[in-house]
Amino acid sequence: VPCLSFLSQLREAEPQIRALGASVVAVATGAHHQAQHLMDTGMPYPCLVDPDKALYRELGIGRIPLSQWLRPTTWRRYARTLGQARQGRITGDPLQAGGVAVIDTDGTLRYLHRSSTLADLPPLEEVLGTVADVAG
Amino acid sequence: VEVPLTEVGERVGEVWLETAAGDRVALSAHLDSILVVHLLRYYG
């Protein structure tokens, strides 16, 4: 749910992102049909699947450790996103952490947020600010 | 925690992903512009 909530923020920011000369892709470990469903229901960005977690490994984004699942702050963050996106059937690896990256056209990694737990996502403004700096 | 392979300022290696249709696609195929990559925990 937190991931889909952030993806919705990116969708709403599409005009701003395009104006900066940037684009967005979503990547997840889940099922192909769920990626297709997101695009069929209004997601303007390509939704790709990473069944082997190749990109997660490349960027050093691992699984969420048990210690994080037990922290009350984790669930408080998660609860704040409820109602912003609907939870569907979980496919892929539910223990996999997420993240956000900004990659320049030459393949250089310009920004990376590795989520350490549920709902640990950066402020959208931080991501857009980085895009503006790179585009600058 | 896995050892990070790529840090900010370094080039991201060639990574192959799959489209929703199941076709293989290189991440670099999307680098005709600055790319924001949102890595979700899972779709669902």
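Calculation criteria
Residues numbered from 1 in each chain as written. Chains lettered and ligands numbered in written order. Predicted model: local features only at pLDDT ≥ 70, side-chain atom pairs only at ≥ 80, totals over all residues. Heavy atoms only, no water. Helix = DSSP H or I, 4+ residues; strand = E, 2+ residues; numbered from the N terminus. Salt bridge = Lys/Arg side-chain N within 4 Å of Asp/Glu carboxyl O. pLDDT = per-residue confidence, 0-100. Contact = heavy atoms within 4.5 Å. Buried area = accessible area lost by both parts, 1.4 Å probe. Polar contact = N/O pair within 3.5 Å; in protein donor to acceptor, adjacent residues only side chain to side chain. Nonpolar A, V, L, I, M, F, W, Y, C, P; charged D, E, K, R; others polar. Pairing = 2+ DSSP bridges. Buried < 20%, exposed > 50% of the residue type's maximum accessible area, 1.4 Å probe, protein only. Arc of directions from axis to C-beta.

### So, unusual backbone geometry
In this structure, Lys53(A) takes a positive phi of about 60° despite not being glycine. One can find Lys53(A) in the loop between β2 (47-49) and α4 (54-58).

### Focus on the pattern of salt bridges
Residues and elements named next belong to chain A. A full pass over the atoms with the stated rule returns six salt bridges over all chains. A salt bridge links Lys53 to Asp93; its shortest N-O distance comes to 2.4 Å. Here Asp93 lies in the loop between α6 (72-81) and β3 (99-103) and Lys53 lies in the loop between β2 and α4, a separation of 40 residues in the sequence. Taking the shortest distance from any N to any O, the salt bridge between Arg63 and Asp93 comes out at 2.8 Å. Residue Arg63 is found in the loop between α4 and α5 (66-69), and its partner Asp93 is found in the loop between α6 and β3; the two are separated by 30 residues along the sequence.

### Some details on the confidence of the model for chain B
In the predicted model, chain B carries a mean pLDDT of 90, and the fraction of residues at 70 or more is 89%. This complex was scored by the predictor with a pTM of 0.85 and an ipTM of 0.90.

### Overview of the interface of chain A and chain B
A common way to report how large an interface is uses the accessible area buried once the components associate. Between chain A and chain B, the residue contacts involve 72 residues of the former and 36 residues of the latter. Of the roughly 4700 Å² buried between chain A and chain B on both sides combined, carbon and sulfur atoms contribute 62%. The largest contributions to the chain A side of the interface with chain B come from Val25(A), Glu58(A) and Ile103(A), which together make up 14% of the buried area. As a salt-bridge pair, Arg11(B) and Asp106(A) come within 4.0 Å of each other at their nearest N and O atoms. Across the chain A-chain B interface, the total number found is 28 residue pairs in polar contact (both at pLDDT 80 or more). At the level of elements, α1 (2-12), β1 (22-28), α3 (32-40), β2, α4, β3, β4 (109-114) and α7 (124-135) of chain A are the ones that each hand at least two residues to the side of chain A that touches chain B. Top contributing element to the side of chain A that touches chain B by residue count: β1(A), with seven residues. Looking at side-chain class alone, the side of chain A that touches chain B contains 44 nonpolar, 18 polar and 10 charged residues. When β1(A) meets strand β3 (residues 34-39) of chain B, the two strands line up parallel, connected through six bridges. When the sheet's bridge partners are listed, Val27(A) is paired in β3(B) with Leu39(B).

### Some words on α3(A)
Residues and elements named next belong to chain A. Of the residues making up α3, those classed as buried are Gln34, Ala35 and Leu38. Along the long axis of α3, the arc covered by the buried residues comes to 105°, so they all point the same way. Within two residues after α3, Gly42 carries a phi angle of roughly 110°, on the positive side.

### A closer look at the side chain of Ser115(A)
Here Ser115(A) lies in the loop between β4 and α7. Residue contacts for Ser115(A): discarding those within four places in its chain leaves Ala97(A), Gly98(A), Gly99(A), Asp120(A) and Leu121(A).

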